[in-house]
Amino acid sequence: MTALTLSTSSAAALRADAVVVGVIKGPKGPRLAPGAEAVDSAFDGGLAATLETLGATGGEGEVTKLPAPAGVKAAVVVAVGLGETPEDGSGPDAEALRKAAGSAARALAGAKKAAFALPAAEAADVEAVGTGALLGAYAFTAYQADGGKAPLGEVAVVGAKPRDKAHKAAVERAAAVASEVNRARDLINTPPNDLTPKAFAAAVKDAAKEFGLKVEVLDEKALIKGGYGGIMGVGQGSATPPRLVRVAYTHADAERTLAFVGKGITYDSGGISLKPPGHNETMKCDMSGAAAVFAAVVATAKLGLRVNVTGWLALAENMPGGGAVRPGDVLRMYGGKTVEVLNTDAEGRLVLADALVRASEERPDAIVDVATLTGAMILALGDGRFGIMSNDDGFRTRVHTTALAEGEDSWPMPLPKQLRKTFDSPTADIANIGARQGGGLVAGLFLKEFVGEGITWAHLDIAGPAFHEGAPFGYTPKGGTGTAVRTLVALARQAADGAF
Ligand code: BES
Ligand code: MN
Ligand code: ZN
């Protein structure tokens, strides 16, 4: 992965292939952002005018490359647009910095080292620039014969206070979190013939060894013996059997325990209720929730946060094999509740039900589940943001504001009581589908049935933002995005700080 360093020398004096400066869009044309001073001096103060002549406006995501003048060690200057800044004169916000750093890093693929001379007065700015650059530099090339174009080798953040403890910590946080978002992206992008439930569990075991996590894997025998009817039912049509993984980070002085639960369908064909063409091609992304949970647990460990975090990964492949669950079958879930399966494509809620009951047995202070659960949530919110549902309005607000601060777009959604009866079953305790209208909320209400009494719980439906099919922008690549990792880690930090 791309290395992240904090530079002690000035942007002009730094030995690098390129130096990145920020451009702000203004009413009178582009103007340079703080951090660009040394580079601008080498242009005799004419860099903004030169950029304007070249057609630059400072618009978000705009990248202009120009040869560096004498006085700048790097060969190339990369001017990246930060967009408009608030009228009150405050500088670009954290998300503008992340996006600009991401766009610049992507435009520098193939280069060895670049100095990032974006605004970095505060530690939070340094963290934003570092995070955006590392996320933007990401590339998934494992399946390309030539290895693809190498990502930018090193990001040197030119900090205002490179020896400041807070600035150093900001760089460490950015590196820990971004590398884990990128771990989640790698898992999501890995094709489903290679990332089976078993292979996913093996990857967790490897990381557990490396980062001192406790890991337990229930294989198909243990799942049958333990009565995990949801996970087994979904996985029984596949040639590659399911797994339930528990991966735990503990801190000796922790006062809070969080449980993160992830939907880990390594491929969702729909099962017997087979998806039509056009809906199958990206369904390797259906384990994005489990990937986010796993990555968040590792990031929490890397940061050594004073909190316990237990990750539960419900891993199965949803296939229409001869042994597959049929519409009409009744499954007995972990804990004893029965579910009539009326649509085998509503499989995420079935694997999550087992995992939520199991996670609840340990009585954590809060449970957050993450799942690419419904197409309905994409219809409601578009593909750029996840929906947040909860049994506690205060907690839902906390998750929403936390996500916003991390640059993860989301929106609070209700769990309307009236929809509960729409998944009544004539045969079993409940059915796995209900009203089509508000389908994302119906799925949330289904999950709520399996959360332990009195436990604070939130459900993130990430079906929209988990996998980006359009052109890359900012720090968002094509393919797996790693959405929700940063929100989960931020929640773990808040719990460690005793905020809830
Ligand atoms: N994995 C899908 C949801 C999904 C759709 C994720 C598109 C990402 C992109 C989920 O398992 C599913 O198939 N949900 C069904 C539920 C329905 C049958 C009640 C859906 O949303 O159509
Ligand atoms: Mn499905
Ligand atoms: Zn699914």
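Preceding block: the structure.
Because the structure is a prediction, the values reported are computed rather than measured.

Draft legend 1. Expanded view of the overall build of the protein. Scanning the protein from terminus to terminus reveals 14 helices and 20 strands. The C-alpha atoms of the protein give 24 Å as radius of gyration, which agrees with the globular expectation for 500 residues (23 Å, within 12%). Each of the three principal axes of the protein carries a C-alpha extent, and together these read 80 × 50 × 45 Å. Buried residues in the protein amount to 57% of all 500 residues.

Draft legend 2. Spatial organisation of the side chain of Thr282. Structurally, the position occupied by Thr282 is in the loop between strand 10 (257-268) and helix 9 (288-303). Of the residues examined, Thr282 reaches a relative accessible area of 18% and is grouped as buried. When sequence neighbours within four positions are dropped, the list of residues in contact with Thr282 reads Phe467 and Glu469.

Draft legend 3. Here's a closer look at the environment of Thr310. Structurally, Thr310 is set in strand 11 (residues 308-318). Taking the C-alpha atoms as reference points, Thr310 and Leu258, 52 residues apart in sequence, are found 6.3 Å from one another. Excluding its chain neighbours within four sequence positions, the residues that come into contact with Thr310 are Arg246, Val247, Ala248, Thr257, Leu258, Ala259, Phe260 and Glu362.

Draft legend 4. Quick look at unusual backbone geometry. Located in the positive-phi region is Asp44, a residue other than glycine, with phi close to 55°. With respect to the helices and strands, the residue Asp44 is situated in the loop between helix 1 (37-42) and helix 2 (47-53). At Ala484, a position not held by glycine, the phi torsion is positive, near 90°. As for its position among the elements, Ala484 is in the loop between strand 20 (479-480) and helix 14 (485-496). Under the relative-accessibility criterion, Ala484 is labelled buried at 0%.

Draft legend 5. Representation of helix 9 in the model. Taking 1.5 Å as the rise per residue, helix 9 with 16 residues should run 22 Å; its terminal C-alpha atoms sit 22 Å apart, in good agreement. A large share of helix 9 lies buried, amounting to 14 of its 16 residues.

Draft legend 6. Representation of the sheet that holds strand 11 within the structure. Taken in spatial order, the 8 strands line up as 8-9-11-10-14-18-15-16 in an open sheet, and their pairing is mixed. Among the strands making up the open sheet, the edge pair consists of strand 8 (214-218) and strand 16 (410-412). Each neighbouring strand pair of the sheet contributes to a mean axis angle of 20°, computed without reference to strand direction. Relative to strand 11, strand 9 (residues 243-249) is paired through 7 bridges, and the arrangement is antiparallel. Its bridge partner lying in strand 11, Leu244 is registered against Ala314. Sitting on the sheet, helix 6 (residues 197-211) is in contact with strand 8, strand 9, strand 10 and strand 11, with an inclination near 160° to strand 11. Here helix 12 (residues 393-406) sits on the sheet and contacts strand 14 (366-371), strand 15 (386-390), strand 16 and strand 18 (456-461); the angle it forms with strand 15, its principal contact strand, is near 155°.

Draft legend 7. Local environment of the coordination of the manganese ion (ligand 2). Note on the manganese ion (ligand 2): its protein donors are Asp268 (OD), Asp345 (O), Asp345 (OD) and Glu347 (OE). The metal-donor distances range over 2.0 to 2.2 Å. Metal-centred angles of 70 to 169° between the 6 donor atoms at the manganese ion (ligand 2) mark the site as irregular. We note that the donor set of the manganese ion (ligand 2) lies within a single chain, spaced as D-x76-D-x1-E. Here the manganese ion (ligand 2) and the zinc ion (ligand 3) are spaced 3.2 Å apart, with Asp268 acting as a shared donor. Placement of the pair is Asp268 in strand 10 and Asp345 in the loop between strand 13 (338-340) and helix 10 (348-361), with a sequence separation of 77 residues.

Draft legend 8. Main features of the coordination of the zinc ion (ligand 3). With distances of 2.0 to 2.4 Å, the protein atoms coordinating the zinc ion (ligand 3) are Lys263 (NZ), Asp268 (OD), Asp286 (OD) and Glu347 (OE). Around the zinc ion (ligand 3) sit 6 donor atoms, and with donor-metal-donor angles ranging over 78 to 173° the site reads as octahedral. All donors of the zinc ion (ligand 3) belong to a single chain; written as a sequence motif, their spacing is K-x4-D-x17-D-x60-E.

Draft legend 9. Fine view of the pattern of salt bridges. On inspection of all chains with the given rule, the structure shows 25 salt bridges. Two residues, Glu180 and Lys302, come together in a salt bridge whose shortest N-O distance is 2.7 Å. Taken together, the residues span a long stretch of sequence, with Glu180 in helix 5 (residues 165-189) and Lys302 in helix 9 at a distance of 122 residues. Judged by relative accessible area, which is 33%, Lys302 ranks as partly exposed. Here Arg420 and Asp424 are joined by a salt bridge, their closest N and O atoms 3.1 Å apart. A relative accessible area of 21% places Arg420 in the partly exposed class. Here Asp424 falls in the partly exposed class, since its relative accessible area comes to 47%. Bridged by salt links that share partners, the residues Lys214, Glu216, Arg246, Arg358, Glu361 and Glu362 form one connected network.

Draft legend 10. Expanded view of the site of ligand 1. The local shell around ligand 1 holds 16 residues, among which Lys275, Asp286, Asp345, Glu347 and Gly375 are the closest. The contact in question runs from an oxygen atom of ligand 1 to an N or O atom on the side chain of Lys275, over 2.8 Å. Here an oxygen atom of ligand 1 sits 2.7 Å away from a polar atom, N or O, in the main chain of Gly375. Surface burial for ligand 1 is 77%, taken as the share of its 520 Å² of free accessible area covered by protein chains. Among the cavities detected, the one that contains ligand 1 is the largest pocket. Only strand 10 and helix 11 (375-381) provide two or more residues apiece to the shell around ligand 1. Looking at the shell around ligand 1, its residues break down into 5 nonpolar, 4 polar and 7 charged.

About the criteria used
- Residues numbered from 1 in each chain as written.
- Chains lettered and ligands numbered in written order.
- Predicted model: local features only at pLDDT ≥ 70, side-chain atom pairs only at ≥ 80, totals over all residues.
- Heavy atoms only, no water.
- Helix = DSSP H or I, 4+ residues; strand = E, 2+ residues; numbered from the N terminus.
- Rg over C-alpha atoms; globule rule 2.2 N^0.38 Å.
- Buried < 20%, exposed > 50% of the residue type's maximum accessible area, 1.4 Å probe, protein only.
- Contact = heavy atoms within 4.5 Å.
- Expected span 1.5 Å × (residues − 1).
- Pairing = 2+ DSSP bridges.
- Axes fitted to C-alpha atoms, helices over the stretch in contact; angles between N-to-C directions.
- Donors = N, O, S within 2.8 Å, 3.2 Å for Na, K, Ca; no water.
- Tetrahedral: all angles 85-135°; square planar, octahedral: opposite > 155°, others 65-115°.
- Salt bridge = Lys/Arg side-chain N within 4 Å of Asp/Glu carboxyl O.
- Near = heavy atom within 4 Å.
- Polar contact = N/O pair within 3.5 Å; in protein donor to acceptor, adjacent residues only side chain to side chain.
- Areas by Shrake-Rupley, 256 points an atom, 1.4 Å probe, with all protein chains shown as cover.
- 1 Å grid on protein atoms, 1.4 Å probe; cavity = no way out; pocket = protein on both sides within 12 Å on 5 of 7 lines; lining within 4 Å.
- Sits in = over half its atoms within 2 Å of the grid points.
- Nonpolar A, V, L, I, M, F, W, Y, C, P; charged D, E, K, R; others polar.

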